[in-house]
Amino acid sequence: MADKHNLDIRRVAILFAGGPAPGANAVISTAAFSFLEEGAQVYGIKHGYSRLAEYTAAGPLQEGSDYIRFSHETLTHARTSRGIMIGTARTNPGKHVSAPEHLEDAELVAPLRRVYEGLCSLEVDALISIGGDDTLKTANKLKMFQDRLPEGARRFPIVHLPKTIDNDYTGIDFTFGYFTAVETLAEEIRNLNFDAAAGRSYFICEAMGRSAGWLAYGAAIAGEASMVLSVEDISGALADEEIINSESGEKRKVMAIDRVIDRMVDMMLAREREGREYGTIVIAEGLAEFLPSSHLEGIDRDDHGHINISSLHLGSMMSELVAKRYAERTGRSRKINGLQLGYEARCAAPMAFDVILGAQLGVGAYRALVEEKLNGVMVSVERQFDLKFVPFTDLVDPETLVTNVRFINPKSDFHRLARFLETCVDS
């Protein structure tokens, strides 16, 4: 059950964190507009938590460089615009807090306290957080931090709006920006199909999707790719186990690379039997997390503990392995190109669906805070864009403070759709 507040919200802050997504300004502008229409002041915190996390040491927040005041003029034509009007960053002030008891440790909680103090310096009555699952975790930790403050201390409710082009968010069916990103990548794949046909070659396209394959699958289906593989497919014959601790016997699931490569070659040979000596293969970047440890040596990690996938060039790596295996099995060569796709989709002009969805989420923040008097909820939609408000406690593990990834169900009709449409390979 969601917490309630009894504040008259006259001043609200909006913050966007993590990677960009088409439709971001639809979310920001409609949330701001809703409050402006009721006479409230609306602050846009610039570049995520980066400045707030250093609030005390860096001095007072400066209007213009650290935050902006929204007005009706600044919101003109913003709903359908590209980019993020208040910027973003990946700073994670809650990265040292991984259990509830850590909130009692002054050193571990210090960045969250600075964020709290920075927002209090603006005398905000509420915070609207927009971002991915890591940003949701931060929002939850900031709420829990305030829950532990002494009686009489200033508190402000927090509402979170889900954002990711990866579409792997628990609590909502589709996230804003997903379909625009899918269409952007699908158009590239369609172009590559003609390029491949002209030169009797192949492209292996690495699509964004660290944890789940929604973007890869969507782009492959809409782009008419020959095959798509994601983390959900690393099971059965395509999975192996690797011992990572010889003393404890601890294991991790890894990709059976030889069998994955052979499956791709099987598809190429099947297409040749159909008279098609070309094609495109889409893989999700998250497959890199399933590489054997020998392929991950020297790869650095970010504030959230994620490996630096972009430095691996998974598409190029896989293309070399596929080309080599194809030659071994056929005695012939085939040009196979590896590409990374994704960044070009994050700030594409949002399509109508994402503008409507983003606008409803933005308005939903107002309705959650003002009409429903809620605190600690994520705004979501269902059916015909009907609003629903999901408590943080339903989304975040109470012991580890982490969120659950929403994978594609391998038995779902969406997953089966890709199998129907790609080149058939006998398992």
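The structure this text deals with has already been given above.
Reference entry: report on the structure contained in this document. (Residues numbered from 1 in each chain as written. Predicted model: local features only at pLDDT ≥ 70, side-chain atom pairs only at ≥ 80, totals over all residues. Heavy atoms only, no water.)

**Digging into the pattern of salt bridges**
Which entries qualify depends on this criterion: We define a salt bridge as a side-chain nitrogen of Lys or Arg found within 4 Å of a carboxyl oxygen belonging to Asp or Glu. The numbering of helices and of strands both runs from the N terminus, where a helix is a DSSP run of H or I of at least 4 residues and a strand a run of E of at least 2. Partly exposed residues are those whose accessible area sits between 20% and 50% of the maximum for their type, while under 20% is buried and over 50% is exposed, using a 1.4 Å probe and protein chains only.
The full count for this structure, using the stated rule, is 28 salt bridges. The salt bridge involving E187 is made with R190; its shortest N-O contact spans 2.9 Å. Placement of the pair is E187 and R190 together in helix α5 (residues 178-199), with a separation of three residues, close to one helical turn. Its relative accessible area of 22% is what places R190 among the partly exposed residues. A salt bridge links R332 to E272, with the shortest nitrogen-to-oxygen separation between them at 2.6 Å. You can see R332 sitting in the loop between α8 (314-330) and β12 (336-340) and its partner E272 sitting in helix α7 (residues 257-273), a full 60 residues away along the chain. Ionic contacts of the salt-bridge type, sharing partners, join the residues R200, E272, E277, R332 and R334 into one network.

**Describing the sheet that holds strand β7 (residues 202-207)**
Basically, it comes down to this: Paired strands, as defined in this entry, are two strands with at least two bridges between them according to DSSP. Orientation is described by lines fitted to C-alpha atoms, with helices fitted over the stretch in contact, and by angles between N-to-C directions that extend from 0 to 180 degrees.
The sheet built from four strands is open, its strands ordered β8-β11-β7-β12 with parallel pairing. Two strands in the sheet have a free side with no partner beyond their single neighbour: β8 (227-229) and β12. Averaged over all pairs of adjacent strands, the angle between their axes in this sheet comes to 20 degrees, without regard to strand direction. Sheet topology note: the β7/strand β11 (residues 279-284) ladder contains six bridges and is parallel. The partner of A207 across the bridge, within β11, is A284.

**Digging into the environment of R334**
Selection rule: The contact criterion used throughout is that any non-hydrogen atoms of two residues lie within 4.5 Å. Within 3.5 Å is the distance limit for a polar contact, defined as a pair of N or O atoms, with the added protein rule that one can donate a hydrogen and the other accept it, and that residues adjacent in sequence qualify only through two side-chain atoms.
Along the polypeptide, R334 turns up in the loop between α8 and β12. With 57 residues separating them in the primary sequence, R334 and E277 have C-alpha atoms 9.0 Å apart. With residues near it in sequence (within four places) discarded, R334 still touches R200, S201, Y202, M268, E272, E277, A323 and Y326. There is a polar contact of 3.0 Å between the side chain of R334 and the side chain of E272.

**Side note on a nonpolar patch on the surface**
Just so we agree on the cut-off: Think of a patch as exposed residues, more than 30% relative accessible area, with no salt bridge, where like charges cluster within 9 Å and nonpolar side chains (Val, Leu, Ile, Met, Phe, Trp, Tyr) cluster within 5 Å. Residue-level accessible areas treat just the shown protein chains as cover; the underlying method is Shrake-Rupley with a 1.4 Å probe.
Residues F174, M351 and F353 make up a contiguous nonpolar surface patch of about 220 Å² in total accessible area. Tracing the backbone through its elements, the reader meets M351 in the loop between β12 and α9 (352-371).

**Considering the pairing of strand β6 (residues 158-162)**
Our working rule: The handedness of a crossover follows from its direction of travel: if, with the strands pointing away from the viewer, the path from the first strand over the helix to the second runs clockwise, the crossover is right-handed.
The buried fraction of β6 amounts to five of the five residues, a majority that puts the element mostly inside the structure. Because side chains alternate across β6, one face comprises the buried residues I158, H160 and P162, and the other comprises V159 and L161, equally buried. The pairing of strand β5 (residues 126-131) with β6 spans five bridges and is classified as parallel. Bridging across to β6, I128 finds its partner in V159. For the handedness criterion, the β-α-β arrangement of β5, helix α4 (residues 133-147) and β6 is classed as right-handed. Here two bridges tie β6 to strand β14 (residues 377-382), and the two strands are oriented parallel to one another. Note on β14: the bridge partner recorded for H160 is M378.

**Some points on the nonpolar core**
The line we're drawing: Among the buried residues, those of types Ala, Val, Leu, Ile, Met, Phe, Trp, Tyr and Cys that are joined through side-chain atoms within 4.5 Å form a nonpolar core.
Formed by 98 residues in total, the largest nonpolar core has its most connected members in I14, L119, I128 and L142. If sequence neighbours within four positions are ignored, L142 has contacts with L112, V115, Y116, L119, L127, F156 and I158. Counting 34 residues, the second-largest nonpolar core is a separate cluster that includes I234, L238, L314 and Y326.

**Comments concerning the side chain of S380**
With respect to the secondary-structure elements, S380 resides in strand β14. With a relative accessible area of 0%, S380 lands in the buried category. From its side chain, S380 meets the backbone oxygen of G171 in a polar contact 2.6 Å long. Each residue touching S380, except ones within four places of it in the same chain, is listed here: G171, I172, L361, D386, L387, K388 and V390.

**Side note on the sheet that holds strand β4 (residues 67-69)**
Remark on secondary structure: sheet strands pair via backbone hydrogen bonds, oriented parallel or antiparallel. A sheet is described by the order of its strands in space; here seven strands give the open sequence β4-β3-β2-β5-β6-β14-β15, paired in mixed fashion. Both outer strands of the open sheet, β4 and β15 (386-391), are each paired with one neighbouring strand and no more. For this sheet, the mean inter-axis angle between neighbouring strands, taken without regard to orientation, is 25 degrees. With respect to the sheet, helix α1 (residues 24-36) is in contact with β2 (11-16), β3 (41-45), β5 and β6, its orientation differing from that of β2 by roughly 180 degrees.

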